[in-house]
Amino acid sequence: MREMVSTAYALHSLTATGVKPRLGTVAVDPKVIPLGTRLYVEGYGYGRAEDVGSAIKGERIDVYFEDLQEARRWGRRKVRVYILE
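If you're wondering where the values come from, they're calculated on a predicted model, not measured in any experiment.

Right, let's get into the pairing of strand 1 (residues 2-9). Looking at chain direction, strand 1 and strand 6 (residues 77-83) are connected through 5 bridges and run antiparallel. Considered in strand 6, the bridge of glutamate 3 is made with arginine 80.

This is the structure in structure tokens:
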């Protein structure tokens, strides 16, 4: 388990792994969490590390929402992230 800072995004371009983002897509720093890793993010649910972001460095993640309003409601918060594999 890791305590991380989480933000949210709702962009609809392809991820760093070449897939279309969907609920459960998580952007990570691949130096901290390798791409492809299955995760559980408290308050968000199950996900997979499938994207990166220029501001996602170190102990930060960015969780995907289909709706911009949902992403804004998520805001910025501390979360517990469980590495599942």
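Counting across every chain of the model gives 3 salt bridges. The closest approach of N and O atoms between glutamate 59 and arginine 2, which form a salt bridge, is 2.7 Å. You can see glutamate 59 sitting in the loop between strand 4 (45-51) and strand 5 (60-64) and its partner arginine 2 sitting in strand 1, a full 57 residues away along the chain. By relative accessible area, which is 30% here, arginine 2 ends up partly exposed. Residue arginine 22 pairs with glutamate 50 through a salt bridge whose shortest N-O separation is 2.9 Å. Taken as a pair, arginine 22 in the loop between strand 1 and strand 2 (25-27) and glutamate 50 in strand 4 lie far apart in primary sequence, 28 residues in all. For arginine 22, a relative accessible area of 40% translates into the label partly exposed.

What counts and how
Residues numbered from 1 in each chain as written. Predicted model: local features only at pLDDT ≥ 70, side-chain atom pairs only at ≥ 80, totals over all residues. Heavy atoms only, no water. Pairing = 2+ DSSP bridges. Helix = DSSP H or I, 4+ residues; strand = E, 2+ residues; numbered from the N terminus. Salt bridge = Lys/Arg side-chain N within 4 Å of Asp/Glu carboxyl O. Buried < 20%, exposed > 50% of the residue type's maximum accessible area, 1.4 Å probe, protein only.

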